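Structural features, examined
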Amino acid sequence: MKVLQVVETAYRATLEEQDDTIIWLTHAMRGAQAELDLLLSGNAVNYALVGQDASGLAFGEWRQTQPPRLADDIAGLIKKGVQVHVVEDDLAERGLANAHLVEGVGRIKRASIPELMEAHDQVWHW
Amino acid sequence: MAEKKTLTFALMDPPYESSRSTTALRLIDIAAKRGHTINVFAYEGAVALPFAKQKAHANAVHGRDEAAENHPLPRDWIAAVMQEAERNGGKVDWVNCGLCVDERGVAEAVEGVRRGSPADFWKMASASDNTLVIPTR
């Protein structure tokens, strides 16, 4: 079985979790031999951008030493054989058409999403 | 008689924050009434849905004491769908994401809930006729 993970809701408690929980879930399941690909859509296209910096969270004297590193997490998935796509139209709508993306991330037009879905047995929309 | 299916649900929402978990349990209840085999992977806040220490309360605004208020507890709903599934020849296998449980301190769960990992979710989904994920928005 091959599943397409569609992540649309972005930055869901990423500071508390130190990652995106669905990207993490994808890593963990891939580690259990799951066949998964990832499509970033909506605000989650930002996960594919190089140069994000979520460091600096502090409360009183407490400091976060391990902030989320979403671009690294995306790169890690690609290294594990997960195909990662971003919706090109969603990048453009956010002024990110020419943004520097993590190496290996594929751009896909919104109109081509049905074909991508067809290439998978199931689609999980998060 | 309709064919029995195996269905997997992934839930993310905590109790008392949105209607998605209630909707999910209504779907699970329908599947239980039809005797299907049901898997649930509770992820993130959803691990608190079967938390055993949920407590009913009176409601002064409603003018009712605890007994009359009969405040809904998701843990009771989960126990009920588990019983419903069994009555109809099915089963609910509810897996709480262990790390999610630890970070929230909600280890005490109603009977029938077990601790697991994303690997369990993948295993359940792979062995199912279909999977529905209901994420937090």
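Cut-offs used in this document
Residues numbered from 1 in each chain as written. Chains lettered and ligands numbered in written order. Predicted model: local features only at pLDDT ≥ 70, side-chain atom pairs only at ≥ 80, totals over all residues. Heavy atoms only, no water. Contact = heavy atoms within 4.5 Å. Buried area = accessible area lost by both parts, 1.4 Å probe. Salt bridge = Lys/Arg side-chain N within 4 Å of Asp/Glu carboxyl O. Helix = DSSP H or I, 4+ residues; strand = E, 2+ residues; numbered from the N terminus. Buried < 20%, exposed > 50% of the residue type's maximum accessible area, 1.4 Å probe, protein only. Pairing = 2+ DSSP bridges. Axes fitted to C-alpha atoms, helices over the stretch in contact; angles between N-to-C directions. Core = buried A, V, L, I, M, F, W, Y, C linked by side-chain atoms within 4.5 Å.

Counting residues at the interface gives 21 residues for chain B and 21 residues for chain A. With both sides pooled, the region where chain B packs onto chain A buries about 1,700 Å², and carbon together with sulfur makes up 69% of that total. Among the residues chain B hides against chain A, the three largest losses belong to Tyr43, Trp122 and Arg137 of chain B. Together they make up 37% of the total. For the interface between chain B and chain A, the tally reads one salt bridge.

In this structure, Tyr11 of chain A takes a positive phi of about 55 degrees despite not being glycine. Among the secondary structure elements, Tyr11 of chain A is positioned in the loop between β1 (2–7) and α1 (14–17). In this structure Tyr11 of chain A comes out as partly exposed when scored by relative accessible area, which is 37%. The backbone of Asn70 of chain B shows a phi angle near 50 degrees, a positive value even though the residue is not glycine. Along the chain, Asn70 of chain B turns up in the loop between α2 (66–69) and α3 (74–87).

Take the sheet that holds strand β5 (residues 130–134) of chain B next. Sheet strands line up and pair through hydrogen bonds in the backbone, either parallel or antiparallel. All names here are of chain B. Judged by pairing direction, the sheet is parallel, and its five strands sit side by side in the order β4-β3-β2-β1-β5 without closing on themselves. Only two strands of the sheet have a single partner each, and these edge strands are β4 (113–116) and β5. Strand-to-strand twist across the sheet, computed as the mean angle between neighbouring axes with direction ignored, equals 20 degrees. Alignment of strand β1 (residues 6–11) against strand β2 (residues 37–42), held across six bridges, turns out to be parallel. Bridge pairing links Leu7 to Ile38 in β2. Against the sheet, α3 engages β3 (91–97) and β4, with an angle of about 145 degrees to β3.

So, about the pattern of salt bridges. Within the structure shown, the criterion is met by 19 salt bridges over all chains. With a closest N to O distance of 3.9 Å, Glu93 of chain A and Arg94 of chain A form a salt bridge. Look at Arg94 of chain A and you get partly exposed, because its relative accessible area is 35%. Notably, a salt bridge pairs Asp29 of chain B with Lys33 of chain B, separated by 2.7 Å at the nearest N-O pair. Residue Asp29 of chain B and its partner Lys33 of chain B are both found in helix α1 (residues 20–33); the two are separated by four residues, about one turn of the helix. Judged by relative accessible area, which is 23%, Asp29 of chain B ranks as partly exposed. Through salt bridges with shared partners, one network takes in Glu17 of chain A together with Glu44, Glu103 and Arg104 of chain B.

On to the nonpolar core, then. In terms of nonpolar packing, the biggest core is built from 69 residues, with Leu40 of chain A together with Trp94 and Phe121 of chain B touching the most fellow members. The element best represented in this core is α1 of chain B, accounting for five residues. Setting aside residues up to four positions removed in sequence, Trp94 of chain B forms contacts with Leu11, Leu25, Val40, Ala42, Ala46, Leu49, Pro50, Ile78, Met82, Gly112, Val113 and Arg114 of chain B.

Bringing the pairing of strand β2 (residues 35–40) of chain A into the picture now. All names here are of chain A. Of all six residues that make up β2, five are buried, and the element is covered over most of its length. In terms of strand pairing, β1 meets β2 through six bridges, oriented parallel. Bridging across to β2, Gln5 finds its partner in Leu38. Judged from the three bridges that link them, β2 and strand β5 (residues 84–87) form a sheet pairing that is parallel. Pairing of Leu40 across the sheet is with Val86, part of β5.

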